[in-house]
4 protein chains.
Amino acid sequence: MRISKDPQVRKREILAAAGKLFEKYGIDKTSMSDVAKEADITKGLVYYYFKSKEELIEEAVKNFVFESELALKNIIQADTMNFYSKLSEMLRLYFLTISKNLSINALAKTNPGVYELVKRSLCRSALDLAGVLIDEGVMNGNISISHPRHVLSILIGGIADLYSQGVQDPKIFAEIIEQTLHLPKGSIKI
Amino acid sequence: MRISKDPQVRKREILAAAGKLFEKYGIDKTSMSDVAKEADITKGLVYYYFKSKEELIEEAVKNFVFESELALKNIIQADTMNFYSKLSEMLRLYFLTISKNLSINALAKTNPGVYELVKRSLCRSALDLAGVLIDEGVMNGNISISHPRHVLSILIGGIADLYSQGVQDPKIFAEIIEQTLHLPKGSIKI
Amino acid sequence: MRISKDPQVRKREILAAAGKLFEKYGIDKTSMSDVAKEADITKGLVYYYFKSKEELIEEAVKNFVFESELALKNIIQADTMNFYSKLSEMLRLYFLTISKNLSINALAKTNPGVYELVKRSLCRSALDLAGVLIDEGVMNGNISISHPRHVLSILIGGIADLYSQGVQDPKIFAEIIEQTLHLPKGSIKI
Amino acid sequence: MRISKDPQVRKREILAAAGKLFEKYGIDKTSMSDVAKEADITKGLVYYYFKSKEELIEEAVKNFVFESELALKNIIQADTMNFYSKLSEMLRLYFLTISKNLSINALAKTNPGVYELVKRSLCRSALDLAGVLIDEGVMNGNISISHPRHVLSILIGGIADLYSQGVQDPKIFAEIIEQTLHLPKGSIKI
DNA sequence: TATGAATGAGCCTTCATTCAT
DNA sequence: CATGAATGAAGGCTCATTCAT
């Protein structure tokens with residue numbers, strides 16, 4: 001039967017369906033048919049909203065990153081916390097993001113061109129946001145290491161990898177981060 | 001025209017062609033036809049040497065990892081250097097491997113099942129080898145941080161990422177490593 | 001150019017095309033491309049209606065057997081005829097079936113797995129139906145030979161073979177059948 | 001290693017290998033590679049002895065039929081037996097042939113064009129040979145039915161089918177044959 | 001908006017056949 | 001005689017994309 005919906009809603013539904021399948025099976029192994037089935041519509045309609053698979057991918061990824069970014073932003077910009085709390089909070093959120101959807105990685109690792117989109121995009125946003133924190137720390141004297149942004153970058157990527165390899169104890173990460181950023185012991189509480 | 005070659009040579013050529021395309025475009029987007037074309041032979045011949053695409057992939061990956069491992073082993077097991085030199089040497093080699101073939105990552109990141117094979121295999125081997133060094137360092141008192149292996153793991157993955165993002169100055173890496181492992185300044189020379 | 005048709009019609013057309021080629025060239029030597037060409041559509045569309053060649057074969061065979069069965073049933077179950085008329089009628093129909101589509105045999109003999117499906121299915125149905133007649137004849141005293149069902153089976157198969165070898169005079173068959181079943185001369189009229 | 005053999009021997013070996021595989025898997029599903037492997041030689045050599053697969057098939061089938069014929073001939077032409085003994089003997093042999101190598105049927109049923117070759121060839125030879133017997137019987141007054149050759153043909157084909165469907169009791173066949181050829185009870189002894 | 005039949009290109013794989021050695 | 005590397009033409013199947021309704 002023929003169900004008409006608000007275009008915006010439909011589009012979001014398709015994006016959601018695509019995102020779900022992309023994460024689960026990878027982009028290459030997800031066909032437009034699959035997406036249509038998952039969204040409970042016909043292939044034709046998918047093409048009505050997205051010119052091509054490529055466009056669908058692009059938007060799905062944007063969607064993805066956007067959601068993550070949003071969450072990060074909200075928390076990190078809170079002005080009520082001190083440096084260490086913010087860092088802690090941010091890390092907690094980061095782990096949440098990683099664990100809740102190991103899918104970020106799934107999506108990323110699974111797909112060629114997309115990898116850059118997601119990883120870079122996520123890292124850029126993480127760096128942008130966390131970077132401000134870092135700068136703040138540097139200015140406050142809370143952070144004294146050199147190349148703080150690069151170190152942050154290494155941490156962000158490396159931690160995600162470690163995590164996906166099974167190391168998931170927050171305490172360990174806290175210690176490692178303190179150590180790596182040369183922060184006082186116990187300053188990070190995840 | 002018909003050019004016969006020593007099977008060993010042919011096989012290597014095919015493996016090389018496959019490796020090249022896999023790195024460049026990803027495995028899924030490289031067809032057996034592409035491989036044949038790149039190797040300047042017919043599809044049929046590819047199948048003469050490899051029962052299936054899967055087998056070709058497997059061997060190409062093995063090939064890949066093997067070469068990297070070999071190089072790492074050779075250098076790291078040299079008994080003539082002290083801790084810092086070995087670490088330096090190893091890092092130099094690591095960068096060489098990464099830079100020469102960003103392909104490791106390319107290959108790895110691009111492909112689902114393959115990702116594990118390569119990354120795990122490479123990381124395991126890097127950790128195995130470097131791990132010994134680290135342990136040595138711990139025993140010697142050269143290394144005093146906690147979770148040294150995890151930190152190493154983070155560094156290995158994170159550095160590769162940073163590198164592939166365009167940061168390629170060895171000095172920076174040296175500094176970061178010294179800092180992260182809490183080694184004396186200037187101890188690492190890449 | 002693009003011609004849309006009622007799916008049911010299309011499906012039947014494909015089945016018909018497949019049936020035709022299967023009979024003519026054998027299943028193995030008929031490719032999905034051939035079927036598509038014969039049906040004047042693209043391969044893709046064949047796969048739109050049938051998941052695989054196997055499924056197409058299965059349905060084509062079912063189609064085939066079904067039609068034959070249907071006709072046999074209708075006539076043999078008529079209650080208005082006596083034993084000999086029924087037998088005559090049935091034989092007439094049998095020859096019709098054979099001659100109209102020598103294909104039954106063609107299809108059957110040509111294909112390994114399929115052979116059983118068709119031949120067994122057709123013979124079973126023929127035996128089931130004719131068997132009732134035979135039993136009736138035995139009870140009426142119209143048939144007095146031993147192993148009547150086996151004899152029937154031999155006749156059914158053997159007649160088809162003879163027929164396909166060029167012997168097609170109904171009178172000859174009538175005589176042979178009378179003789180073989182030990183019926184009065186002239187009782188069978190094809 | 002390179003083993004040279006008498007060409008005639010080699011050819012026979014290849015024919016034997018082909019025959020074996022053709023019976024076991026069917027002609028279409030037997031590749032020239034398979035034949036070469038079975039004969040423990042290379043594909044090239046198969047083509048040295050047989051211009052094409054078709055030629056190999058042809059000769060393999062001839063080979064096949066020839067062997068069967070030979071056996072039939074030998075027995076049936078013995079002058080020491082009376083009509084009924086010869087018929088009995090011939091039937092015994094026929095069953096032997098069928099049972100020993102249901103392969104005849106296998107080969108036959110499985111392959112399109114080949115079916116005719118084998119079946120016709122075998123039937124022709126059976127008819128030729130048995131036909132003489134039948135004629136003898138007719139002349140002697142031992143056989144009084146009409147269309148004796150056609151009946152024979154039906155029996156030959158029908159019996160093989162019945163046999164392959166599981167009915168394999170010689171007594172039943174003897175009875176059926178006596179009955180069908182209108183011979184005295186007990187005259188056939190298989 | 002929405003449907004779903006239809007297309008066409010491309011993919012992995014198999015195999016009969018050839019040919020330089 | 002014999003080898004086995006090399007070719008080329010299909011074959012079964014999938015899927016992104018289009019289009020008439």
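Use the structure listed above.
Q: Could you clarify how one ought to interpret the pattern of salt bridges in this entry?
A: Charged atoms that come close allow side chains of opposite charge to pair. Here the structure, examined in full by the defined rule, presents 22 salt bridges over all chains. Residues K29 of chain B and D28 of chain A are paired through a salt bridge, measuring 3.7 Å at the closest nitrogen-oxygen approach. Of this pair, K29 of chain B sits in the loop between helix 1 (7-25) and helix 2 (32-39) while D28 of chain A sits in the loop between helix 1 (7-25) and helix 2 (32-38), placing the two residues on different chains. Accessibility expressed as a relative area gives 31% for D28 of chain A, which makes it partly exposed. Among the ionic contacts, a cluster of salt bridges with common partners joins K5, R10 and E13 of chain A.

Q: Please explain the side chain of S88 of chain A as it appears in this structure.
A: All names here are of chain A. You can see S88 is positioned in helix 5 (residues 83-100). Exposure remark for S88: the relative accessible area of 5% places this residue in the buried category. Polar side-chain contacts of S88 include one of 3.1 Å to the backbone nitrogen of K189. Those residues in contact with S88, other than ones at most four positions away along the chain, are S187, I188 and K189.

Q: In this structure, what is going on with the packing of helix 1 of chain B against helix 2 of chain B? I would like to understand it.
A: Helix-helix packing is characterised by the crossing angle of the two axes and by the distance between the axes. All names here are of chain B. Two elements in contact, helix 1 and helix 2, have axes separated by 9 Å at closest approach and are oriented at 120 degrees. With respect to helix 2, the element helix 1 is oriented oblique. Helix 2 is crossed by helix 1, and the crossing has right-handed handedness. Residues I14, A17, A18, K20 and L21 of helix 1 form the contact with helix 2, whose own contacting residues are D34, V35, E38 and A39. Each residue belonging to the contact of helix 1 with helix 2 can be placed in one class, and the counts come to six nonpolar, no polar and three charged.

Q: What am I meant to see in the protein's contact with DNA strand E here?
A: Close to DNA strand E lie 43 residues, the nearest being K5 of chain A, R2 and K53 of chain B, Y48 of chain C together with Y47 of chain D. Of all atoms in DNA strand E that approach within 4 Å of the protein, 62% are sugar or phosphate atoms. Between DNA strand E and I3 of chain C, the relevant distance is 3.1 Å, taken from a phosphate oxygen to a main-chain nitrogen or oxygen of the residue. Between K53 of chain D and DNA strand E, the recorded distance is 2.8 Å, taken from a backbone N or O atom to a phosphate oxygen. Listed by contribution, the elements that provide at least two residues to the surface near DNA strand E are helix 1 and helix 3 (43-49) of chain A, helix 3 (43-49) of chain B, helix 1 (7-25) and helix 3 (43-49) of chain C together with helix 3 (43-49) of chain D.

Q: Would you mind showing me how to read the packing of aromatic side chains here?
A: The description of two aromatic rings rests on the distance between their centres and on the angle between their planes. If you walk through the whole model with that rule in mind, you get seven aromatic pairs over all chains. Relative to Y84 of chain A, the ring of F83 of chain A has its centre 5.2 Å away and its plane inclined at 70 degrees; by these criteria the two rings are edge-to-face. Measuring from centroid to centroid gives 5.3 Å for Y48 of chain B and Y49 of chain B, while their planes differ by 85 degrees, and the two rings are edge-to-face.

Reading the values: rules and limits
- Residues numbered from 1 in each chain as written.
- Chains lettered and ligands numbered in written order.
- Predicted model: local features only at pLDDT ≥ 70, side-chain atom pairs only at ≥ 80, totals over all residues.
- Heavy atoms only, no water.
- Salt bridge = Lys/Arg side-chain N within 4 Å of Asp/Glu carboxyl O.
- Helix = DSSP H or I, 4+ residues; strand = E, 2+ residues; numbered from the N terminus.
- Buried < 20%, exposed > 50% of the residue type's maximum accessible area, 1.4 Å probe, protein only.
- Polar contact = N/O pair within 3.5 Å; in protein donor to acceptor, adjacent residues only side chain to side chain.
- Contact = heavy atoms within 4.5 Å.
- Axes fitted to C-alpha atoms, helices over the stretch in contact; angles between N-to-C directions.
- Parallel < 35°, antiparallel > 145°, perpendicular 65-115°, else oblique.
- Left-handed = near helix turned anticlockwise from the far one by under 90°.
- Nonpolar A, V, L, I, M, F, W, Y, C, P; charged D, E, K, R; others polar.
- Near = heavy atom within 4 Å.
- Phe/Tyr/Trp six-rings, centres within 6.5 Å; stacked < 30°, edge-to-face > 60°.

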